[in-house]
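Fold and contact review
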Amino acid sequence: MHPFTYVAPRTLDEAVAVLEQHGERARPFAGGTDVLVQLRGGRFDLDAIVDLKGVPEATALDLNGSLRIGAAVPCYRIYEDSAVAAAFPGLIDAASLIGGIQIQSRASLGGNLCNASPSADGICPLIVHSTVAVVQGPQGERRLPVEEFCTAPGANVLGRGELLVALEVPAPEKGFGAAYQRFIPRNEMDIAVAGVASALTLSEDRATIASGRIALAAVGPTPLFAAKASAFLAGKPATPETFAEAGEIASTEAAPIGDMRGTAEHRIELVKVLTRRTLAIALERAQSNR
C-alpha cells in the first residue's frame, strides 16, 4: 500500500484545503470501512487521507422537524436515537442493515453515499425521503438531490477539493411512510442482489396516495430513482393492486446485469416483489403517522 499522510482537520476549510491541494490523490475519511479496504486492494494510491471525525458539521446529528445527518455520523448513532428512529423508520431500515454491528459502529450513510456502490443499502432510502446532499468545496457550499449524487459505479459528483458535509432529510408530513428491503443470500454481511425503497404520502381520506417515491438498488450502474413508477402512484388508491402495478412499472426502469449473485431476470422479479412489499409497509407507517 502506498504511504500516505493522515490529516485530522478541525474545520471544513482545513479539510477542503487539503483535498484541493492533493486532488485525486486525497480522499475524505468518515468511518474507513470502504476506503481502507480499497486502499489495501490497490484500487488507488493516495497521498493523503482526510479524517472528518474532528469536523463538527460532519459529526452532528440534529433533529428539529427536519433531520440533518453529518457525513461522518456512524449508523449506530442514527438507529440508537429514539426520536430519529420514531420519525424516520425508513432510514432505520437501512442503517441497521449496513454490514454488521461492528461495521455500523464506524460506517456512515454519508460514506455509503460517497462510495457510490450500485447495491448500497443506504442510498435508496435517502432518495425516497427526498434527501439533499450538502457539499462543501473551494467555491463554497452547494446542494443537490441525493438521486443526482452518484454518476457511475464507485463514482460521484464531487470535484477537486469537495467533500460531503451532511445529508438533510425533510420533516415527514402527516400521512408519510417509507420502507426499505433487500434480498440477500445470507442473513447479514452480504451484498444486496436487489433492493427497493418506497415512500408514499396519503391524502386526507387516508385511502388515496397523494404522492410516492420508489428507488432501486443493485439493478443499474447507480442506485436508481424510479421516476415512472413514482409518478404512477399519485392519485391512485392505496391497494395491493396499485402496489403490484407500481412494481411492474418499476421493473421496466431497472437495468440489471447477471452475475454470480443472480441473473438479470431474477433481479427484475425481485424488483416487483420488493416494491409491493415496501409499499405495503410504507402504507402501514403512513397510516400511523397522524
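Residues numbered from 1 in each chain as written. Predicted model: local features only at pLDDT ≥ 70, side-chain atom pairs only at ≥ 80, totals over all residues. Heavy atoms only, no water.

To continue, consider the overall build of the protein chain. Helix and strand counts for the protein chain stand at twelve helices and 14 strands. The globule rule puts the C-alpha radius of gyration for 290 residues at 19 Å, and the 19 Å found for the protein chain is close to it. If you line up the protein chain on its principal axes, its C-alpha atoms span 55 × 45 × 35 Å. Expressed as a percentage of its 290 residues, the buried residues of the protein chain come to 50%. If you sum the accessible surface of the protein chain, you get close to 12,600 Å²; carbon and sulfur atoms cover 52% of it. (Helix = DSSP H or I, 4+ residues; strand = E, 2+ residues; numbered from the N terminus. Rg over C-alpha atoms; globule rule 2.2 N^0.38 Å. Buried < 20%, exposed > 50% of the residue type's maximum accessible area, 1.4 Å probe, protein only. Areas by Shrake-Rupley, 256 points an atom, 1.4 Å probe, with all protein chains shown as cover.)

Our focus in this paragraph is the side chain of Asn-115. Positionally, Asn-115 belongs in helix H8 (residues 109-115). The contacts of Asn-115, once residues within four sequence positions are left out, are Asp-34, Gln-38, Arg-43 and Gly-154. (Contact = heavy atoms within 4.5 Å.)

In the contact formed by helix H11 (residues 240-253) and helix H12 (residues 264-288), the axes pass within 8 Å of each other and the chain directions differ by 140°. As summarised for this structure, H11 and H12 are arranged oblique, according to the angle between their axes. Our pair here, H11 against H12, has a crossing hand that is right-handed. Listed contacts from H12 to Phe-243, Ala-244, Ala-246, Gly-247, Glu-248, Ala-250 and Ser-251 of H11 are Ile-268, Val-271, Lys-272, Thr-275, Arg-276, Leu-279, Ala-280 and Leu-283. (Axes fitted to C-alpha atoms, helices over the stretch in contact; angles between N-to-C directions. Parallel < 35°, antiparallel > 145°, perpendicular 65-115°, else oblique. Left-handed = near helix turned anticlockwise from the far one by under 90°.)

A word on the packing of aromatic side chains. Tallied over the entire structure, the rule returns zero aromatic pairs. Sitting above the plane of the Phe-225 ring, Arg-213 keeps its charged end 4.4 Å from the centroid. (Phe/Tyr/Trp six-rings, centres within 6.5 Å; stacked < 30°, edge-to-face > 60°. Lys NZ or Arg CZ within 6 Å of the ring centre and 35° of its normal.)

The three strands lie next to each other as S1-S3-S2, forming an open sheet whose pairing is parallel. Taken across any chain shown, the strands that pair with only one partner, and hence form the sheet edges, are strand S1 (5-7) and strand S2 (26-29). Shown here is a sheet whose adjacent strand axes are inclined to one another by a mean of 20°, direction ignored. Note: S1 against strand S3 (residues 48-51), three bridges, orientation parallel. Across the sheet, Thr-5 pairs through a bridge with Ala-48, a residue of S3. The strands touched by helix H1 (residues 12-22) within the sheet are S1, S2 and S3, with S3 carrying the most contacts at an inclination of about 160°. (Pairing = 2+ DSSP bridges.)

What follows deals with the sheet that holds strand S6 (residues 132-137). Sheets are built from strands that pair by backbone hydrogen bonding, the pairs being arranged parallel or antiparallel. Pairing in this open sheet of five strands is antiparallel, and the strands run S4-S5-S10-S6-S7 from one edge to the other. At either end of the open sheet lies a strand with only one pairing partner, and these are strand S4 (61-64) and strand S7 (140-145). When the angles between neighbouring strand axes are averaged without regard to direction, this sheet yields 20°. The pairing of S6 with strand S10 (residues 163-169) spans five bridges and is antiparallel.

In this section: the environment of Ala-87. With respect to the helices and strands, Ala-87 occurs in helix H5 (residues 82-87). Between the C-alpha atom of Ala-87 and that of Ala-217, which follows or precedes it by 130 residues, the distance is 23 Å.

This paragraph deals with the pairing of S7. Pairing analysis gives six bridges linking S6 to S7, with the strands arranged antiparallel. Of the residues in S7, the one forming a bridge with Val-135 is Arg-142. Following S6, the chain reverses through two residues before pairing antiparallel with S7.

Looking now at H1. Buried within H1 we find Leu-12, Ala-15, Val-16, Val-18 and Leu-19. One side of H1 holds all its buried residues, which, seen down the axis, span an arc of 165°. Of the exposed residues in H1, those oriented more than 90 degrees away from the buried face are Asp-13 and Gln-21. Buried-residue contacts for H1 involve S1, S2, S3, helix H3 (56-59), S6 and S10. One or two positions beyond H1, positive phi appears at Gly-23, with a value near 60°. (Arc of directions from axis to C-beta.)

Right, let's talk about the domain arrangement of the protein chain for a bit. Domain assignment breaks the protein chain into domain 1 (1-115 + 132-169) and domain 2 (176-288). Using C-alpha coordinates to define each centre, domain 1 is positioned 26 Å away from domain 2. Facing the twelve residues of domain 1 at the interface are eleven residues of domain 2. A combined buried area of about 940 Å² lies between domain 1 and domain 2, and 62% of that area is made up of carbon and sulfur atoms. The largest per-residue losses of area from domain 1 upon contact with domain 2 belong to Asp-93, Leu-97 and Glu-147, which jointly make up 46% of the total buried on that side. With its nearest N and O atoms 2.9 Å apart, the salt bridge here joins Glu-147 to Arg-213. If you look at where domain 1 meets domain 2, you find three residue pairs in polar contact (both at pLDDT 80 or more). Contributing elements (two or more residues each) for the side of domain 1 that touches domain 2: helix H6 (89-95) and strand S8 (150-152). Element by element, the count of residues in the side of domain 1 that touches domain 2 is highest for H6, at four residues. Taken together, the residues that form the side of domain 1 that touches domain 2 break down as six nonpolar, four polar and two charged. (Domains from an automatic or database assignment. Buried area = accessible area lost by both parts, 1.4 Å probe. Salt bridge = Lys/Arg side-chain N within 4 Å of Asp/Glu carboxyl O. Polar contact = N/O pair within 3.5 Å; in protein donor to acceptor, adjacent residues only side chain to side chain. Nonpolar A, V, L, I, M, F, W, Y, C, P; charged D, E, K, R; others polar.)

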